[in-house]
Amino acid sequence: MPQPGQWEITSEMLPEQKAMISQMKPEMLKQMQQPNMRFDLKAGTIIMSSCLSKDKETSWQLMGHKQQKNCDMPKISNSGNTVIMDMQCHQPHPSAMHSVIQFSPSRDSYQFEHQIKAQNRTMTVKGSARRLGDCK
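Let us look at the structure shown here. Fair warning: this is a prediction, and the values are worked out from it, not measured in the lab. (Residues numbered from 1 in each chain as written. Predicted model: local features only at pLDDT ≥ 70, side-chain atom pairs only at ≥ 80, totals over all residues. Heavy atoms only, no water.)

1. Digging into the side chain of Glu8
Rules: Here a strand is any run of E in DSSP of at least two residues, a helix any run of H or I of at least four, and the numbering for each starts at the N terminus. The classification of residues rests on relative accessible area computed with a 1.4 Å probe and restricted to protein chains. Under 20% of the type maximum is buried, over 50% is exposed, and intermediate values are partly exposed. Should any heavy atoms of two residues lie within 4.5 Å, those residues are considered in contact.
The topology assignment puts Glu8 in strand 1 (residues 5-12). Judged by its relative accessible area of 15%, Glu8 falls in the buried class. Beyond its immediate sequence surroundings of up to four residues, Glu8 is in contact with Arg38, Ile47, Met48, Ser128, Ala129, Arg130 and Leu132.

2. Focus: the pattern of salt bridges
Test applied: Criterion for a salt bridge: a side-chain nitrogen of Lys or Arg within 4 Å of a carboxyl oxygen of Asp or Glu.
Inspection of the entire model under this criterion finds 3 salt bridges. The partner of Glu16 in a salt bridge is Arg121, and the shortest N-O contact between them spans 2.4 Å. A residue pair is termed long-range when its members are at least 10 positions apart, and Glu16 in helix 1 (residues 15-22) and Arg121 in strand 8 (residues 121-133) qualify at 105 residues. The class of Glu16 is partly exposed, set by a relative accessible area of 38%. Using a relative accessible area of 44% as the deciding quantity, one classes Arg121 as partly exposed.

See below:
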């Protein structure tokens, strides 16, 4: 588990996301943005802010995914500062996600990579997160 507190999570945009977002009109892009999320088109990243409190630890362990009736319970393994999670869903289309999270020794930052396979396609989402301080 990461330390509780305010976190900033930065994800690299997939090439097709970046292309789509860069072609949007500014007012449409503004509508997509939320108070806890922003896009950095120059860097090609999506930056989210989130408060991780004790009561959200279970949700974090499942990486925000709620148990769904068409998905198997995620398999999570820990080894030192590395967490690996594998999850499979069966409907409406078979899909699988393999995630590797590498924490800093103090657990105040981490790097992640999610490989998502669905409909004969594989996507890789990479990023990092850092603790900013206590929740606001």
